[in-house]
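Listed below are the residues making up each chain.
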Amino acid sequence: MQIPLSEFEQTIDEVILKRGLSYFKNGSILDFSEISTGEYEAVVSGTENYTVQLEIKDNTITEHHCDCPYDLGPVCKHVVATIFY
């Protein structure tokens, strides 16, 4: 799922969006780094610490992955928290 950064709040499910925003506001992003041009990695505190990876090109998230067990939709709250960060 590609996600334009300028429209991610309209693209992602509202419930997941609110949970991700809450994680962001509560300081759940423990680490964030650019591992190469346009590739980012974050550690997000949840039930455990989860690793989120984002690839961004032309202000669009072209790839995203989280190692949490969430499988009810294309984007989890940890990815959303990282986008807000």
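Before reading further, recall that the structure is shown in the block above.
Read on for an overview of the structure. None of these values were measured; they are calculated from a predicted model.

### Topic: the overall build of the protein
- Regarding its fold elements, the protein presents three helices and five strands.
- Going from N to C terminus, the protein has its helices and strands arranged as β-α-α-β-β-β-β-α.
- The C-alpha radius of gyration computed for the protein amounts to 12 Å, which stays within 12% of the reference 12 Å derived for 85 residues, consistent with globular compactness.
- Counting only C-alpha atoms, the protein reaches 30 × 25 × 25 Å along its principal axes.
- Considering the protein as a whole, with its 85 residues, one finds that 35% of them fall into the buried category.
- In the protein, the share of contacts with a sequence separation of at least 24, taken over all contacts with a separation of at least 6, comes to 44%.
- For the protein, the computed accessible surface area is about 5300 Å², with 43% contributed by carbon and sulfur atoms.
- Here the protein holds 5 positive side-chain charges and 14 negative ones, and the gap between their average locations is 11 Å.

### Some remarks on the pairing of strand S3 (residues 39-45)
- Only one face of S3 is buried, namely the one carrying Tyr40, Ala42 and Val44, since none of Glu39, Glu41, Val43 and Ser45 on the opposite face is buried.
- The turn joining strand S2 (residues 29-36) and S3, which pair antiparallel and follow one another in sequence, is formed by two residues; a positive phi near 80° is taken by glycine 38.
- Relative to strand S4 (residues 49-57), S3 runs antiparallel, the two sharing seven bridges. Its bridge partner lying in S4, glutamate 41 is registered against glutamine 53.
- Hairpin connection of S3 to S4: three residues between the antiparallel strands.

### Structural notes on helix H3 (residues 77-84)
- Across the eight residues of H3, seven count as buried, placing the element largely inside the fold.
- Within the span of H3, buried status applies to His78, Val79, Val80, Ala81, Thr82, Ile83 and Phe84.

### A short note on the nonpolar core
- Phe8, Ile12, Leu54, Cys66, Val79, Val80 and Ile83 are the most contacted members of the largest nonpolar core, which totals 23 residues.
- Taken together, the elements giving at least two residues each to this core come down to helix H2 (14-25), S3, S4, strand S5 (60-66) and H3.
- Ignoring anything within four residues of it in the chain, the contact list for cysteine 66 reads Tyr50, Thr51, Val52, Cys76, His78 and Val79.

Reading guide: rules and limits
- Residues numbered from 1 in each chain as written.
- Predicted model: local features only at pLDDT ≥ 70, side-chain atom pairs only at ≥ 80, totals over all residues.
- Heavy atoms only, no water.
- Helix = DSSP H or I, 4+ residues; strand = E, 2+ residues; numbered from the N terminus.
- Rg over C-alpha atoms; globule rule 2.2 N^0.38 Å.
- Buried < 20%, exposed > 50% of the residue type's maximum accessible area, 1.4 Å probe, protein only.
- Contact = heavy atoms within 4.5 Å.
- Areas by Shrake-Rupley, 256 points an atom, 1.4 Å probe, with all protein chains shown as cover.
- Lys, Arg positive; Asp, Glu negative; His and termini not counted.
- Charge placed at Lys NZ, Arg CZ, Asp CG, Glu CD.
- Pairing = 2+ DSSP bridges.
- Core = buried A, V, L, I, M, F, W, Y, C linked by side-chain atoms within 4.5 Å.

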